[in-house]
Amino acid sequence: MNRPEISITFDGRNCDYSTAFQKLALEKLNQHYSRAPVIEIKLVCSVANKEHLIKAHVHMHNKYCVIEDVSWDMYKTLDLIIEKVSRVIWDQKQKMHNPDHHSATRKDPQNIDDYMTG
């Protein structure tokens, strides 16, 4: 499995983050998602009204989603986003390994005609 492409950008209007935050964020993302079934994770960090917002754009093989979280501390927001992204990846991984399909020969308990004809 390939490593996902990970990038972090800052909305420069109100952001002035150190390279230490960016380095920590990259380390955490690489630690959590180095073997995940993900093509790309892009974090966009911004500050509005003293609240720190992170939007995570997650591109998987069968799904694309945008997850966001906000708090008063950017480090806490990063941890919250990592939890949410992990949950989305786990759910998608479960769906891929346990497909919810119905066979054409399988009887549907809700359909009374299946019991009458089969």
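This paragraph deals with the pattern of salt bridges. Under the criterion given, the structure shown has three salt bridges. Close ionic contact of lysine 55 with glutamate 68 constitutes a salt bridge, the shortest N to O distance being 3.9 Å. Of the two residues, lysine 55 sits in strand 3 (residues 51–60) while glutamate 68 sits in strand 4 (residues 64–71), which places them 13 residues apart along the sequence. Note on glutamate 68: relative accessible area 43%, which makes it partly exposed.

Ordered in space as 1-2-3-4, the four strands form an open sheet in which the pairing is mixed. Where the open sheet ends on each side, the last strands, each with one partner, are strand 1 (5–10) and strand 4. In this sheet, neighbouring strand axes are inclined to one another by 15° on average, regardless of whether the strands run parallel or antiparallel. Examined bridge by bridge, strand 1 and strand 2 (residues 38–48) share six bridges and lie parallel to one another.

So, on to the side chain of aspartate 69. For aspartate 69, the position within the fold is in strand 4. For aspartate 69, a relative accessible area of 14% gives the class buried. In terms of polar contacts, aspartate 69 uses its side chain to reach the side chain of lysine 84, at 3.3 Å. Not counting residues within four places of it along the chain, the set of residues in contact with aspartate 69 comprises His52, Leu53, Ile54, Thr77, Leu80, Ile81 and Lys84.

Looking at the protein chain, the pLDDT average stands at 78 and 74% of residues meet or exceed 70. Of all the helices and strands in the protein chain, helix 3 (residues 112–117) carries the lowest mean pLDDT, 50, while strand 4 carries the highest, 92.

Of note in the backbone geometry, asparagine 49 takes a positive phi value of approximately 55° without being a glycine. Within the secondary structure, asparagine 49 sits in the loop between strand 2 and strand 3. Looking at asparagine 49, the relative accessible area reads 71%, which means it is exposed. At lysine 50, a residue that is not glycine, the phi angle is positive and equals roughly 65°.

With that settled, the discussion passes to the nonpolar core. Among the nonpolar cores identified, the biggest contains 25 residues, and Tyr33, Leu43, Val58 and Val85 are the most heavily contacted of them. Of all the secondary structure elements, the ones that give two or more residues to this core are strand 1, helix 1 (19–33), strand 2, strand 3, strand 4 and helix 2 (74–97). If one sorts the elements of this core by residue count, helix 2 sits on top with seven residues. Excluding residues that lie within four positions of it along the chain, valine 58 makes contacts with Val38, Glu40, Lys63, Tyr64, Cys65, Ile67 and Val85.

Conventions adopted
Residues numbered from 1 in each chain as written. Predicted model: local features only at pLDDT ≥ 70, side-chain atom pairs only at ≥ 80, totals over all residues. Heavy atoms only, no water. Salt bridge = Lys/Arg side-chain N within 4 Å of Asp/Glu carboxyl O. Helix = DSSP H or I, 4+ residues; strand = E, 2+ residues; numbered from the N terminus. Buried < 20%, exposed > 50% of the residue type's maximum accessible area, 1.4 Å probe, protein only. Pairing = 2+ DSSP bridges. Axes fitted to C-alpha atoms, helices over the stretch in contact; angles between N-to-C directions. Polar contact = N/O pair within 3.5 Å; in protein donor to acceptor, adjacent residues only side chain to side chain. Contact = heavy atoms within 4.5 Å. pLDDT = per-residue confidence, 0-100. Core = buried A, V, L, I, M, F, W, Y, C linked by side-chain atoms within 4.5 Å.

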